[in-house]
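Residue strings, one per chain:
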Amino acid sequence: MPLMIGIPRETAAGEKRVATVPEVVEKLIKLGFKVAVESGAGEAANCSDDAYRAAGAEIIVGAPKLWAESDIVFKVSVPTKEEVGLLREGGHLIGFIWPAQNPELMQQLAAKKATVLAIDCLPRMLSRAQKMDALTSQAGVAGYRAVIEAANAFGRFFNGQITAAGKVPPAKVFIAGAGVAGLAAIGTAAGLGAIVRANDTRAEVADQVKSLGGEFVKVDYEEEGGGGGGYAKVMSEGFQQAQREMYAKQAKEVDIIITTALIPGKPAPRLITAEMVQSMKPGSVIVDMAAERGGNCELTEPGKAVVKHGVTIVGYTDLNSRLAKQSSTLYGTNLFRLTEELCKTKDGNINVNMEDDAIRGLTVIKDGEVTWPAPAPKLPPAPKPAAAKPAPAPAHGHGGGGAPASATKTAVMFGIAALLFLLVGAYAPAAFLGHFTVFVLACFVGYMVVWNVTPALHTPLMSVTNAISSIIAIGALVQIAPPLSEGLDRPDAWIRWLAVAGIALTAVNMFGGFAVTRRMLSMFRK
C-alpha cells in the first residue's frame, strides 16, 4: 500500500518556505506516493491550494489531521515540541534537524519511535549526494538575496556609469567567505557591475572567485583552511590576526561587506569589529549572513537592519524566505531526489538502507534508536599512479656504442629526403622545379605562421584548416605574381585565373573559420 507524504504549514516565525511545490508533487505521485498538503501551506511561497489539487495532492485542513494521516512528513524548519507531539508513532520525518544543536529534540523524536532523516547531515563529499544537498541549494539562494539586500540599502548604483550629470564610480564589494553562499554573492555582485573582492581560508577557491569575476584577496599568512566536507576549519591565532588586519584594510576601502563565515557546530566567528565598522565610509553597508548564529559582525542585531556609525548593518535571518518560491522549489527538488533514493522500486514505499553511505549519513534516528553521528563514509580509493615505463635500451653497434634507435631513424629519414631532393633537382624540368620550391616554402610558412598559434586564439580544428588554407594562398599568390595584364593570351593564363579563384575561396574559408571560432568563444563570455 503506498505511503502518504504530508506537507504541513511551517510554524516558525518569518518562515515563508514550504517543503514542496506543485511541480514536485506530480513527480512524487509518479513514484507511487500519495501526497497531502495542509491548507494554506504554500500561500507565502505563491503556491495555492488549487495548484496543489491540480497536481494531484489532497488538501487537508488543520495540522493535527495532516500529521496523524501522514506516514512521511516533509518539513523545512526544525520541528517544534508541539509538532513532534503530532507526529504519529513510528512515523518518518525528513527535514532540517541540526542534531548537534538540538539534543532535546532528538530525544523527543526517539521517544516517538520515529525514523528521522536530517537533510543537514548529508555527506556532502559524496558526488552522487549533490542532487540531495539542500544546504547548497539554500545557501546559493541566500547569497543571491544578500546582494539584493545590500543593493537595496546602498545609496548608489552598483555599476559605474557616465551620465550627463557626471561620472558614477562602481561600488566596491568585499565578500568574506567564498563557500556556496559567497560564490553566489560574488557572481551576483559582479553581474550587477560592482568591483568584487573576496577572501576565504581555503586557498583552492581562489580560481573559483576569479572565474566569477572577483579578485581573491590573500591573507599574508601561510596556513591551509580546508576542514573537509566543503567547510572551513578554525584557524590558528596567527592566521586570525593577519586576517583581521586584512579585513580592517578592506573595510576602509570598500562600500559593501557581505560576510558568510560559518563553521558547523560552532558560533559564527567574529570577523568585523566595531572599530572596522567605524572606519567605513558613511552610507556603507554590511550584510551579515551569519546573523542567526551570532553574526560575523560585532554590531549585528539578528533579524534587524540597523544603522551604526553611519553604516547600515543588515542582520536578516530569513534571506531564503525572502525568495520563498525559488527556495521552496529547490528544496522540494532536493527532497524529491532523496525520495528517489529511498524508493527505487517506485511503488510508494521507502527503504531506509543503512548500508548506503548517503542514506546512513542522513539517518539520525532509526525506529527510535539514535544513530547520529554516522561513521565517515567509505570513499573510493585514490587511483594508483601509473607505473613509469622503462626507458628504451639504446641500440648498440658492433663496438658496444652508438646512437639511440630514434636518432638513427631520424637520420635515415633525413638522408632519404635529401636523396629525393637531389634526384628532383637533377632530373626535373626547370618549370616543375620552380613550382616545387614554392610548394615546399608554402608548407613551411603555413606551418610556422598558423599551425603554431596557441589554441587559446582558435580551436585546433581551425588551426589545421587555416594552415592548409595558408599553403594554398601562398602558392596561388606566387602563381599570379606577374600582373594579370601581361600575357593573358599565354597558354598558362588559365593557371593564373585558377589561382585567383583559389585565393578567393581560401579567403572565404579562413575568414569564415575565424568568424565561427569567435562565435564559439563568445558563448563562454558574459
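Since the model is a prediction, treat every value here as computed from it, not as a measurement. (Residues numbered from 1 in each chain as written. Predicted model: local features only at pLDDT ≥ 70, side-chain atom pairs only at ≥ 80, totals over all residues. Heavy atoms only, no water.)

**Quick notes on helix α7 (residues 180-191)**
Counted at 1.5 Å a residue, the expected span for α7 with its 12 residues is 16 Å, and the 17 Å between its end C-alpha atoms agrees. Residues A181, G182, L183, A185, I186, T188, A189 and A190 constitute the buried set of α7. Each element contacted by the buried residues of α7 is listed here: α6 (134-153), β9 (172-176), β10 (195-199) and α8 (206-211). Directly beyond the C-terminal end of α7, a positive phi value near 100 degrees is found at G193. (Helix = DSSP H or I, 4+ residues; strand = E, 2+ residues; numbered from the N terminus. Expected span 1.5 Å × (residues − 1). Buried < 20%, exposed > 50% of the residue type's maximum accessible area, 1.4 Å probe, protein only. Contact = heavy atoms within 4.5 Å.)

**Quick word on the sheet that holds β10**
In space, the 7 strands of this open sheet follow the order β11-β10-β9-β12-β13-β15-β14, with mixed pairing throughout. In this open sheet, the two strands that pair with only one neighbour each are β11 (215-216) and β14 (305-308). Where β9 and strand β12 (residues 256-259) come together, 4 bridges link them in parallel fashion. By the bridge assignment, F174 is partnered in β12 with I257. Strands β12, β13 (285-288) and β15 (311-314) of the sheet are contacted by α6, whose axis makes an angle of about 155 degrees with β13. (Pairing = 2+ DSSP bridges. Axes fitted to C-alpha atoms, helices over the stretch in contact; angles between N-to-C directions.)

**Focus: the confidence of the model for the protein**
On average, residues of the protein carry a pLDDT of 87, and 84% of them reach 70 or more. Counting interchain partners and residues more than four positions distant, the pLDDT-below-50 stretch residues 395-403 has 7 contacts. (pLDDT = per-residue confidence, 0-100.)

**Section: the nonpolar core**
Nonpolar side chains in soluble globular proteins tend to be buried together. Membership of the largest hydrophobic core comes to 45 residues, with the highest contact counts inside it found for F74 and L338. Looking at this core, the element that brings in the most residues is helix α11 (residues 324-342), giving 6 residues. Aside from chain neighbours lying at most four places away, what touches F74 is I5, G6, I7, P8, A19, L28, I94, L335 and T339. If you look at the next biggest cluster of nonpolar residues, it comprises 31 residues, including A171, A185, V196 and I258. (Core = buried A, V, L, I, M, F, W, Y, C linked by side-chain atoms within 4.5 Å.)

**Details of the packing of α6 against α7**
Two elements in contact, α6 and α7, have axes whose closest approach is 7 Å; the angle formed by their N-to-C orientations is 40 degrees. With respect to α7, the axis of α6 lies oblique. Of the two elements, α6 crosses α7, and the hand of that crossing is right-handed. Here T136, A139, G140, G143, Y144 and V147 of α6 come into contact with α7, specifically with V180, A181, A184, A185, T188 and A189. Here the residues of the contact of α6 with α7 sort into 8 nonpolar, 4 polar and no charged. (Parallel < 35°, antiparallel > 145°, perpendicular 65-115°, else oblique. Left-handed = near helix turned anticlockwise from the far one by under 90°. Nonpolar A, V, L, I, M, F, W, Y, C, P; charged D, E, K, R; others polar.)

**Section: the sheet that holds strand β17 (residues 369-370)**
With respect to topology, 8 strands assemble into an open sheet ordered β3-β2-β1-β4-β5-β6-β16-β17, the strand pairing being mixed. At either margin of the open sheet sits one strand with a lone partner, and together these are β3 (58-60) and β17. In this structure, strand β4 (residues 72-74) lies alongside strand β5 (residues 92-95), joined through 3 bridges in parallel fashion. Its bridge partner lying in β5, I72 is registered against H92. Against the sheet, helix α5 (residues 103-111) contacts β5, β6 (115-118), β16 (363-366) and β17, and its axis sits at roughly 40 degrees relative to β16.

**Brief notes about unusual backbone geometry**
Along the chain, W372 connects to P373 via a cis peptide bond; the corresponding omega equals 0 degrees. Examined against the element boundaries, P373 turns out to sit in the loop between β17 and α13 (405-427). Even without being glycine, W98 reaches a positive phi, approximately 50 degrees. Here W98 is to be found in the loop between β5 and α5.

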